[in-house]
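Summary of the model geometry
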Amino acid sequence: MIKRILTGDRPTGPLHLGHYVGSLQNRVRLQEEYDTYLLIADVQALTDNFEHPEKLEANIFEVALDYLAVGLDPDKVKIVVQSMVPELTELTIYFMNLVTTATLERNPTLKDEIKQRNFTKGLPVGFYTYPISQASDITIFKAHLVPVGEDQLPMIEQAREIVRRFNRMYDKVLIEPKALVGQVARLPGTDGGAKMSKSLGNCIYLGDSPEVVRKRVMSMYTDPTRLHPTDPGHVEGNPVFTYHDVFNPDKAEVEDLKERYRKGTVGDVEVKEKLFKALNVFLEPIRERRAHFASKPGHVREIIVEGTRMGRAVAQATMAEVRTAMKISYKLQG
Ligand code: TRP
């Protein structure tokens, strides 16, 4: 049996370099080998954007464009809109019986996100329970592999726990998924912060123009201890060099820059100019594919509709098995 991938993104904005190295790169690499479903998680996005649902529709389109732009092939992968698969909601409700509040309370990613969001009117139940809904996303597609950024590992662990309980208690119908983290687990932000994240405003987006990328790179955080280009600088933990390591294929150039930076014989400007050039070479084909698909919105809509149709068929088949396993497949009709 050909194995499946399920992963996804919240449609709250376009995707950035952190998404690329954390997950998109693996999806592109594995799309030939795995039956791949990419979930645009609008229901999950609502859990902390319920006051602004109008943001979702345009962003569903943006995320789909980013998928196509990085080289995910619409003849191979299925792009699925979460709210258009109502079976996910049903499975989430059943899964809620298999998870304790104590388990949710311990989820480190959820804890961080709750702190970050600073919900002033109290913690919404929808947000608190989104790890359960994410477990449904993964398991309804019977995914074997979930390519994600490092911060999502507790979510996959939660899904695995639910699967083990479900299969033990009812019947063995669900598959215990494995996470796959990207080559760079966590890309720092342009501000030197631990993580590139939209809410922190420290991103370079896959669709950014060369002018914007240049501005972002030239204002990047470097080594705060280095005041003059003749001061010896630190390469480790310096995001400009982290990006060079990831995106500059000219390893000799990177080594030369590092050596001169350590000795204090190269200025930040040269290091950044070279990074900008490398990033631009990387982003140019992505921009071109993005523009190509953006000029055919009808075609993109068809890709999404067809992907969702195929995804929903898988979800319906799994739910039939789930209901049978749970002995709630009542014979009350006809
Ligand atoms: N929580 C993920 C994020 O914020 C998005 C997501 C929703 C997801 N459902 C998923 C990721 C299922 C992997 C699998 O990026």
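Here is a short report on the structure shown in this document. The shown structure was predicted, so the numbers you read here are calculated from the model rather than taken from an experiment. Every residue gets a number counted from 1 within its own chain, in the order that chain's sequence is written. Reporting of local features is limited, given that this is a predicted model, to residues whose pLDDT is at least 70; pairs of side-chain atoms are given and counted only at 80 or more, and all residues count toward the totals for whole chains, interfaces and linings. The basis for every side-chain value is the complete set of non-hydrogen atoms in the structure, without hydrogens or water.

**So, the overall build of the protein chain**
Let me state the cut-off plainly: Elements are defined by DSSP. Helices are runs of H or I of four residues or more, strands are runs of E of two residues or more, and each kind is numbered from the N terminus. All radius of gyration figures rest on C-alpha atoms, and the globule criterion is 2.2 Å times the number of residues raised to 0.38. For the exposure calls, accessible area comes from a 1.4 Å probe over protein chains only, and a residue counts as buried if that area is under 20% of its type's maximum, exposed if over 50%, partly exposed in between. The contact criterion used throughout is that any non-hydrogen atoms of two residues lie within 4.5 Å. To be clear on the numbers: accessible area is Shrake-Rupley with a 1.4 Å probe, and residue cover counts the displayed protein chains and nothing else. All tallies of charge rest on Lys and Arg as positive and Asp and Glu as negative; His and the ends of each chain are not included. Note that the charge is assigned to NZ on lysines, CZ on arginines, CG on aspartates and CD on glutamates.
On a plain count of helices and strands, the protein chain comes out with 14 helices and five strands. Taking 20 Å as the expected radius of gyration for a compact globule of 334 residues, we find that the protein chain reaches 22 Å, a close match to that expectation. Oriented by its inertia axes, the alpha-carbon framework of the protein chain measures out at about 85 × 45 × 40 Å. Classification of the 334 residues of the protein chain by burial places 51% in the buried group. Sequence separation of 24 or more characterises 77% of the internal contacts of the protein chain that already satisfy a separation of 6 or more. Surface summary for the protein chain: the accessible area is close to 16000 Å², and the carbon and sulfur share equals 55%. With 45 positive and 45 negative side-chain charges, the protein chain shows a separation of 4 Å between the mean positions of the two kinds.

**Some thoughts on the nonpolar core**
In globular proteins that are soluble, nonpolar side chains generally tend to be buried together. Here is the rule: Here the nonpolar core consists of buried residues drawn from Ala, Val, Leu, Ile, Met, Phe, Trp, Tyr and Cys, with membership extended through side-chain atoms lying within 4.5 Å.
If you look at the biggest cluster of nonpolar residues, it comprises 49 residues, and the most contacted ones within it are Leu17, Tyr67, Ile79 and Leu206. Dropping the residues within four chain positions of it, Leu206 is found in contact with Leu15, His16, Leu17, Tyr20, Leu24, Asp66, Val70, Leu283, Ile286 and Arg287. With 38 residues, the next largest nonpolar core counts Leu39, Tyr128, Ile140 and Ala159 among its residues.

**Description of the pairing of strand β4 (residues 145-148)**
The following threshold applies: Note on pairing: DSSP must find at least two bridges between two strands before they are called paired. Crossover handedness is defined by viewing with both strands directed away from the observer: a clockwise path from the first strand over the helix to the second marks the crossover as right-handed.
Judged by which residues are buried, β4 turns out to be covered on both faces: Leu145 and Pro147 on one side and Val146 and Val148 on the other are all buried. Of the pairings in the sheet, the one linking β4 to strand β5 (residues 178-181) comprises four bridges and is parallel in character. From the neighbouring strand, Val148 faces β5, where its bridge partner is Val181. Note on the crossover from β4 through helix α9 (residues 153-169) to β5: the handedness is right-handed.

**Side note on the environment of Lys3**
Along the polypeptide, Lys3 turns up in the segment before β1 (4-9). Through-space distance from the C-alpha of Lys3 to that of Gln134 is 19 Å; in sequence the pair is 131 residues apart. Not counting residues within four places of it along the chain, the set of residues in contact with Lys3 comprises Tyr34, Asp35 and His144.

**Structural notes on the packing of helix α11 (residues 239-247) against helix α13 (residues 268-294)**
To be explicit about the condition: Interaxial angle, 0 to 180 degrees, is taken between N-to-C directions of lines fitted to C-alpha atoms, where a helix line uses only the stretch in contact. Handedness of each helix crossing follows the sense of rotation of the near helix against the far helix: counterclockwise by less than a right angle gives left-handed, clockwise gives right-handed. Amino acids are sorted into nonpolar (Ala, Val, Leu, Ile, Met, Phe, Trp, Tyr, Cys and Pro), charged (Asp, Glu, Lys and Arg) and polar (every other residue, Gly among them).
Orientation of α11 relative to α13, taken along the N-to-C sense of each, is 35°, at an axis distance of 10 Å. Considering the relative orientation of α11 and α13, their crossing is left-handed. Between α11 and α13, the contacting residues are Val240, Phe241, Tyr243, His244 and Phe247 on the first element and Val271, Lys272, Lys274, Leu275, Ala278, Leu279 and Phe282 on the second. Taken together, the residues of the contact of α11 with α13 sort by class into nine nonpolar, one polar and two charged.

**Quick look at the pattern of salt bridges**
Which entries qualify depends on this criterion: By definition, a salt bridge exists where a carboxyl oxygen of Asp or Glu is found within 4 Å of a side-chain nitrogen of Lys or Arg.
Inspection of the entire model under this criterion finds 30 salt bridges. Here Arg262 and Glu236 are joined by a salt bridge, their closest N and O atoms 3.2 Å apart. Here Arg262 is found in helix α12 (residues 251-263), whereas its partner Glu236 is found in the loop between α10 (210-218) and α11, with 26 residues between them in sequence. Owing to a relative accessible area of 39%, Arg262 belongs among the partly exposed residues under this scheme.

**A short note on the packing of aromatic side chains**
Here a ring pair, both rings aromatic, is described through the centre-centre distance and the interplanar angle of the planes. Rules: Under the pairing criterion, centres of Phe, Tyr and Trp rings, with the six-membered ring standing for Trp, must be within 6.5 Å; the plane angle then separates stacked pairs below 30 degrees from edge-to-face pairs above 60, leaving the rest tilted. Criterion for a charge above a ring: Lys NZ or Arg CZ within 6 Å of the ring centre, and within 35 degrees of the ring normal.
Taken as a whole and assessed by the stated rule, the structure comprises nine aromatic pairs. Aromatic side chains Phe95 and Phe166 sit 6.3 Å apart centroid to centroid with 75° between the ring planes, which places their arrangement in the edge-to-face category. A residue pair is termed long-range when its members are at least 10 positions apart, and Phe95 in helix α4 (residues 87-95) and Phe166 in helix α9 qualify at 71 residues. Through a chain of ring-to-ring contacts, the aromatic side chains of Tyr20, Tyr243, Phe247 and Phe282 assemble into a single cluster. The ring of Tyr37 carries Lys78 above its face, with NZ or CZ at 4.9 Å from the centroid. One cation-aromatic arrangement involves Arg226 over Tyr261; the distance from NZ or CZ to the ring centre is 4.0 Å.

**Regarding the site of the ligand**
Operational definition: Note on definitions. A residue lies near a molecule or strand when any single heavy atom of the residue is within 4 Å of it. Each polar contact in these results corresponds to two N or O atoms within 3.5 Å; when the atoms are within protein, one needs to be able to donate a hydrogen and the other to accept it, and residues that are neighboring in sequence are counted only if both atoms are side-chain atoms. Two kinds of site are reported from a 1 Å grid over the protein atoms alone, namely cavities, where a 1.4 Å probe fits but cannot get out, and pockets, open sets with protein on both sides within 12 Å along at least five of seven lines, and residues are called lining when an atom falls within 4 Å of a point. More than half of a molecule's atoms within 2 Å of the grid points is what it takes for that molecule to sit in a cavity or pocket.
Neighbouring the ligand are 13 residues; Arg10, Gln44, Gln134, Asp137 and Gln152 lie closest to it. For the ligand, an oxygen atom lies 3.3 Å from a polar atom in the side chain of Arg10. Between the ligand and Asp137, the relevant distance is 2.8 Å, taken from a nitrogen atom to a side-chain nitrogen or oxygen of the residue. About the coverage of the ligand: the protein hides 90% of its 370 Å² of free accessible area. Put simply, the ligand lies in the largest pocket. Of all elements in the fold, only β1, α8 (130-140) and β4 reach the threshold of two or more residues within the shell around the ligand. Take the shell around the ligand: its biggest share by element is four residues, from β1.

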